[in-house]
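Structural overview
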Amino acid sequence: MIFYPGAKVEYTAYIPLLNGLAKQGIDCFLVRMPFNMAFLGQNKAKKIMDSYEYSHWYLAGHSLGGAMAASYASSHLDSLDGLALFAAYPTKSLSSDSFSVLSVYGSLDGVLNMEKVKEGKKFLPADNTELCIEGGNHAQFGNYGNQKGDHTASISRKEQQEQTIQAVLQMMSAHKNRKQEVDMDYQQITPQEARDRMETNEDIVILDVRTREEYDSGNIKNAICLPNEDIRNEPEMLPDKRQEIFVYCKSGNRSKQAARKLADMGYESVLEFGGILDWPYSDMIE
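Okay, so let's go over this structure. Here, residues in each chain are numbered from 1, in the same order as that chain's written sequence. Whole-chain, interface and lining totals are the exception, using all residues; otherwise, since this is a predicted model, local features are given only for residues with pLDDT of at least 70 and side-chain atom pairs are given and counted only at 80 or more. Heavy atoms throughout the structure, all of them, feed into the side-chain values; hydrogens and water do not.

Notes on the overall build of the protein chain
Just so we agree on the cut-off: The helix count covers DSSP runs of H or I at least four residues long, the strand count covers runs of E at least two residues long, and both are numbered beginning at the N terminus. A 1.4 Å probe rolled over the protein chains alone gives each residue an accessible area, and that area as a share of the maximum for its type sets the label: buried under 20%, exposed over 50%, partly exposed in between. By the convention used here, residues are in contact when the closest approach between their heavy atoms is within 4.5 Å. By the counting rule applied here, Lys and Arg register as positive and Asp and Glu as negative, while His and the ends of each chain are not counted. Charge coordinates come from a single atom per side chain, which is NZ of Lys, CZ of Arg, CG of Asp or CD of Glu.
Of the regular secondary structure elements, the protein chain holds eight helices and eleven strands. Projected onto its principal axes, the C-alpha coordinates of the protein chain cover approximately 70 × 30 × 30 Å. By the burial criterion, 50% of the 286 residues in the protein chain qualify as buried. Within the protein chain, contacts between residues at least 6 apart in sequence are counted, and of these 67% link residues at least 24 apart. Separation between the mean location of the 30 positive side-chain charges and that of the 40 negative ones in the protein chain comes to 7 Å.

Laid out in structure tokens, this is it:
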């Protein structure tokens, strides 16, 4: 989970909240924003996601940080599993069949504009959950004291954060269960199977879904580069939906995402064989 702090709040104020998630097995990345203003670092999630190979990614944010996380997510729905908004709301569409949104706020929040929260509901995907924490306020998602305009909470900071942590864990668990229920419309094969079929069948497309920079640093012979994030925007690169398409990435995470998207787009013969890190055939690298 990548977390965007609220405006003018020292990022370390959210360590207790994220430490609670980390204790439950969730790896958390707390982003330090320029001048403590998330709108100056809206795209910081990309560098983190490009640097690690996780199977699942979530964004989260408090107040303005939540709004900026939502804005980033709206343009990267294919790379994310979900978004947790703490006293925040979206202003752009988050609609996707495979995306989850959790919205949490306190009943005594004196800062959050509830009319904007209501307006923001039109941007939410079908899979969304709203939690109003009774007695919670705006500031207690972090540990930074009282906030101007906020109401006094009637529950402790610890209780508000514990309820928030449990809501996030429930959202993640429910999303994971739903994804497991979806039938896989692509085939997974081993690197050996992929190599054997490449050597006997010339009428295939080998698709490298890493970034252009990664591709240029070394790729499987005859592979074409189509980054995972660009697949839905570049269908003209793959005009024949009946042709066999072999998909790989660095470690096997993006290749699965890409194969899923291609299958959803109607490609009939998509085969995913993991990452180039596990590709043992150096003679086929160029």
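Details of the nonpolar core
Keep this limit in mind: To qualify as a nonpolar core, a set must consist of buried Ala, Val, Leu, Ile, Met, Phe, Trp, Tyr and Cys residues joined through side-chain atoms within 4.5 Å.
Ranked by size, the top nonpolar core spans 27 residues in total, and within it Met-1, Leu-21, Ala-84, Phe-86 and Val-168 carry the most contacts. At the level of secondary structure, the elements contributing two or more residues to this core comprise helix H1 (15-22), strand E3 (58-62), strand E4 (82-86), strand E5 (100-106) and helix H5 (157-181). With six residues, H5 is the single largest residue contributor to this core. Residues contacting Ala-84, with those up to four places away along its chain left out, are Met-1, Leu-59, Ala-60, Gly-61, Leu-102, Val-168 and Met-171.

What to know about the pattern of salt bridges
For clarity, the threshold we go by: Within this document, salt bridges are pairs made up of a side-chain nitrogen of Lys or Arg and a carboxyl oxygen of Asp or Glu, the two lying within 4 Å of each other.
For the structure shown, the criterion picks out 14 salt bridges. Among the salt bridges present, the one from Lys-118 reaches Glu-115, with a minimum N-O distance of 4.0 Å. Of this pair, Lys-118 and Glu-115 both sit in helix H4 (residues 114-120), three residues apart, which is roughly one turn of the helix. The class for Glu-115 is partly exposed, based on a relative accessible area of 49%.

As for the packing of aromatic side chains
Spelled out, the test is: Two rings from Phe, Tyr or Trp (for Trp, the six-membered ring) form a pair when their centres are within 6.5 Å of each other. A pair whose planes differ by under 30 degrees is stacked, one over 60 is edge-to-face, and the rest are tilted. Cation placement over rings: the criterion is NZ of Lys or CZ of Arg within 6 Å of the ring centroid and within 35° of the ring normal.
Taken as a whole and assessed by the stated rule, the structure comprises 13 aromatic pairs. A ring pair is formed by Tyr-52 and Tyr-54, whose centres lie 6.1 Å apart and whose planes are at 35°; its orientation type is tilted. Note on Trp-279 and Tyr-281: the rings are 5.1 Å apart at their centroids and 80° apart in plane angle, and the pair reads as edge-to-face. We classify Trp-279 as buried; its relative accessible area is 8%. What links up through ring pairs into an aromatic cluster is the set Phe-3, Tyr-14, Phe-86, Phe-141 and Tyr-144. In this arrangement the basic side chain of Lys-241 is found over the ring face of Tyr-267, its NZ or CZ atom lying 5.5 Å from the centre.

Here's the deal with the side chain of Thr-164
With respect to the secondary-structure elements, Thr-164 resides in helix H5. For Thr-164, the residues in contact, after removing those within four places along its chain, are Leu-17, Phe-86, Val-104, Ile-133 and Phe-141.

Here we look at the environment of Ala-223
Examined against the element boundaries, Ala-223 turns out to sit in the loop between helix H7 (212-216) and strand E9 (224-225). Non-local contacts of Ala-223, meaning those with residues more than four positions away in its chain, are made with Ile-206, Asp-208, Tyr-215 and Tyr-248.

Comments concerning unusual backbone geometry
A negative phi angle characterises most non-glycine residues, just as the trans form characterises most peptide bonds. In this structure, Ser-63 takes a positive phi of about 55° despite not being glycine. Within the secondary structure layout, Ser-63 lies in the loop between E3 and helix H3 (64-74). Notably, Asn-222 is not glycine yet its phi reads approximately 75°, a positive angle. With respect to the secondary-structure elements, Asn-222 resides in the loop between H7 and E9.

Here we look at a nonpolar patch on the surface
Threshold: Only residues above 30% relative accessible area that lack a salt bridge enter a patch, with like-charged residues linked at up to 9 Å and the nonpolar side chains Val, Leu, Ile, Met, Phe, Trp and Tyr linked at up to 5 Å. Using the Shrake-Rupley algorithm and a 1.4 Å probe, accessible areas are obtained, with residue cover drawn only from the displayed protein chains.
Where nonpolar side chains cluster on the molecular surface, the patch consists of Phe-35, Phe-39 and Leu-40 and spans about 370 Å² of accessible area. Looking at Phe-35, the relative accessible area reads 74%, which means it is exposed.

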